[in-house]
Amino acid sequence: MKDVVPDVLPRNGYDGKGPETAAELIEDIKSGTRRSTMAVKITPYILSLIDWADPLRDPLARQFIPLGSRIRPDHPKLSLDSLNETGDSPVKGVIHRYPDRAVFLASSVCPVYCRNCTRSYSVGADTEEVSKTRFLPIQKRWEAMFDYIERTPALRDILVSGGDLYTLSPDQIRMIGMRLLGIPHIERIRIASKGLAICPSRFIDPDDDWAGAVIDLSHRGRKLGKGVALHTHFNHPNEITWVTRLAAQRLFEEGVTVRNQTVLLNGVNNDVDTMKSLIAQLSSLNVQPYYVFQCDMVRGIEDMRTPLQEILALEAAIRGSIAGFMTPNFVVNLPGGGGKRLACSKESYDRSTGLSTFLSPISKDPSRTWEYWDPLPSHPEVGE
Ligand code: SF4
């Protein structure tokens with residue numbers, strides 16, 4: 001690090017407290033790592049894209065490298081499993097929240113670990129803060145999950161996720177995909193991987209068959225009249241390079257549907273210009289900008305969450321300025337397991353307390369209100 005980070009860090013308008021020298025930065029990273037809910041893991045590709053001359057303001061560093069000086073006290077409503085995925089799992093590894101859809105958690109390992117991961121209760125290595133619930137990528141565990149899906153005819157759509165499927169072998173991807181496509185009542189599958197955003201070179205490497213497995217599944221799905229899509233996760237335009245363009249072009253030529261899910265993160269993409277640029281660049285890659293998520297209420301990332309007001313303002317500024325079919329849905333995944341709702345569909349929003357409320361059509365009690373709380377720094381008189 002000493003060869004790329006300046007001895008004295010530039011502030012450049014950075015108004016947070018924090019390290020002033022390279023040596024202090026290293027100590028701050030150590031402190032952040034000790035207090036983080038996620039282990040630290042980054043691909044060489046992402047490391048190469050971080051602006052190490054100005055690391056405090058870099059939007060990629062902020063997503064993956066915790067700084068102790070930035071970690072804030074948790075809002076009392078935060079939890080590790082904020083979406084109650086464990087409570088919605090009839091079989092370990094299958095999240096069945098919506099009547100016709102389920103998530104198949106194939107693994108709990110990823111090629112990178114995002115600080116804001118919604119599955120911080122499970123994904124990655126244990127940290128000093130969290131002992132993780134593991135989802136081992138083994139056939140025996142998967143068989144119980146396939147069995148549940150096979151005997152639940154209401155299911156139509158399976159999201160195969162984790163963890164990240166980039167850590168599975170091409171044979172494992174093919175096996176899981178073909179098995180699900182072979183279930184008569186399953187009409188669609190989605191494969192979740194951040195791979196295109198954090199290591200796109202694998203998609204164009206002739207010696208790497210991972211993308212080949214996804215392409216095979218896509219072709220097989222078309223023959224069967226079933227949808228197969230790759231769901232990926234770009235958060236900032238700086239993650240897109242000439243390698244990404246080649247990788248996305250290969251998928252486009254092969255007819256693979258690719259959708260993107262962005263998480264709205266403080267200091268990363270919570271301004272109109274950055275979000276517009278990200279949406280425009282994804283569109284030019286033929287990657288559908290599908291969702292912008294309000295950051296989930298998970299522990300340890302109060303510095304990364306934004307008040308609901310920011311996602312509302314972003315949508316107001318962006319919707320209508322680009323083609324409707326390339327405009328993402330700006331959504332809140334309701335804490336507790338109420339499912340995704342458009343942020344603008346809130347029933348109430350009290351900016352002085354930071355509490356917004358929503359109704360959910362999948363709720364057993366339709367009159368139940370579901371709560372989202374803004375991060376503490378936006379209403380210090382309440383929380384702190
Ligand atoms: S790649 Fe996805 S599952 Fe893995 S740490 Fe990041 S957000 Fe979590």
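Residues numbered from 1 in each chain as written. Predicted model: local features only at pLDDT ≥ 70, side-chain atom pairs only at ≥ 80, totals over all residues. Heavy atoms only, no water.

1. Some remarks on the site of the ligand
Okay, so step 1: In the vicinity of the ligand, the residues found are M38, C110, V112, Y113, C114, C117, V123, G163, D164, K194 and H233.
Okay, so step 2: When grouped by side-chain class, the residues that make up the shell around the ligand number 7 nonpolar, 2 polar and 2 charged. (Near = heavy atom within 4 Å. Nonpolar A, V, L, I, M, F, W, Y, C, P; charged D, E, K, R; others polar.)

2. Concerning the packing of aromatic side chains
Okay, so step 1: Applying the stated criterion across every chain, the model contains 6 aromatic pairs.
Okay, so step 2: Aromatic pair Y166 and W210: ring centres 4.8 Å apart, planes at 80°, arrangement edge-to-face. A residue pair is termed long-range when its members are at least 10 positions apart, and Y166 in the loop between β3 (157–161) and α5 (170–181) and W210 in helix α7 (residues 210–224) qualify at 44 residues. Neither residue differs from the other here; Y166 and W210 are each classed as buried.
Okay, so step 3: Over the ring of Y290 we find R259, and its NZ or CZ is 5.8 Å from the ring centre. (Phe/Tyr/Trp six-rings, centres within 6.5 Å; stacked < 30°, edge-to-face > 60°. Helix = DSSP H or I, 4+ residues; strand = E, 2+ residues; numbered from the N terminus. Buried < 20%, exposed > 50% of the residue type's maximum accessible area, 1.4 Å probe, protein only. Lys NZ or Arg CZ within 6 Å of the ring centre and 35° of its normal.)

3. Comments concerning a nonpolar patch on the surface
Okay, so step 1: Together, M1, V4 and I26 make up a nonpolar patch on the protein surface, roughly 240 Å² of accessible area in all.
Okay, so step 2: Summarising the element assignment, M1 is placed in the segment before α1 (22–35).
Okay, so step 3: The partly exposed category is assigned to M1, whose relative accessible area is 39%. (Patch = residues over 30% accessible without salt bridge, like charges linked within 9 Å, V, L, I, M, F, W, Y side chains within 5 Å. Areas by Shrake-Rupley, 256 points an atom, 1.4 Å probe, with all protein chains shown as cover. Salt bridge = Lys/Arg side-chain N within 4 Å of Asp/Glu carboxyl O.)

4. So, the pairing of strand β11 (residues 355–358)
Okay, so step 1: Going residue by residue along β11, you find L355 and T357 tucked away on one face and S356 and F358 tucked away on the opposite face as well.
Okay, so step 2: Where strand β10 (residues 348–350) folds back on β11, the antiparallel hairpin that results is connected by 4 residues, among which G354 adopts a positive phi of roughly 85°.
Okay, so step 3: Where β11 meets strand β12 (residues 370–373), 4 bridges bridge the pair, whose relative direction is antiparallel. Within β12, the residue paired with T357 across the bridge is E371. (Pairing = 2+ DSSP bridges.)

5. Comments concerning empty space enclosed by the protein
Okay, so step 1: Tallied over the full model, the rule gives 5 cavities of 30 Å³ or more.
Okay, so step 2: If you add up the space inside the largest cavity, you get close to 80 Å³.
Okay, so step 3: Around the largest cavity, the lining residues are L25, I29, W52, P55, L56, A61, R62, I65, L67 and R70.
Okay, so step 4: Secondary-structure elements contributing two or more residues to the lining of the largest cavity are α1 and α3 (59–64).
Okay, so step 5: When the residues that make up the lining of the largest cavity are grouped by side-chain class, the tally is 8 nonpolar, no polar and 2 charged. (1 Å grid on protein atoms, 1.4 Å probe; cavity = no way out; pocket = protein on both sides within 12 Å on 5 of 7 lines; lining within 4 Å. Points joined across faces, edges and corners; volume = space filled by probe spheres on them.)

6. A look at the nonpolar core
Okay, so step 1: F104, I158, I176, L180 and F203 are the most contacted members of the largest nonpolar core, which totals 87 residues.
Okay, so step 2: In terms of residues, this core owes the most to one element, α7, which gives 6 residues.
Okay, so step 3: Not counting chain neighbours up to four residues away, the residues in contact with I158 comprise A102, F104, I149, L180, I186, R188, I189 and R190.
Okay, so step 4: Formed by 9 residues, the second largest nonpolar core is a distinct cluster that contains L80, I95, V103 and V130. (Core = buried A, V, L, I, M, F, W, Y, C linked by side-chain atoms within 4.5 Å. Contact = heavy atoms within 4.5 Å.)

The analysis is restricted to geometry; functional conclusions fall outside its scope.
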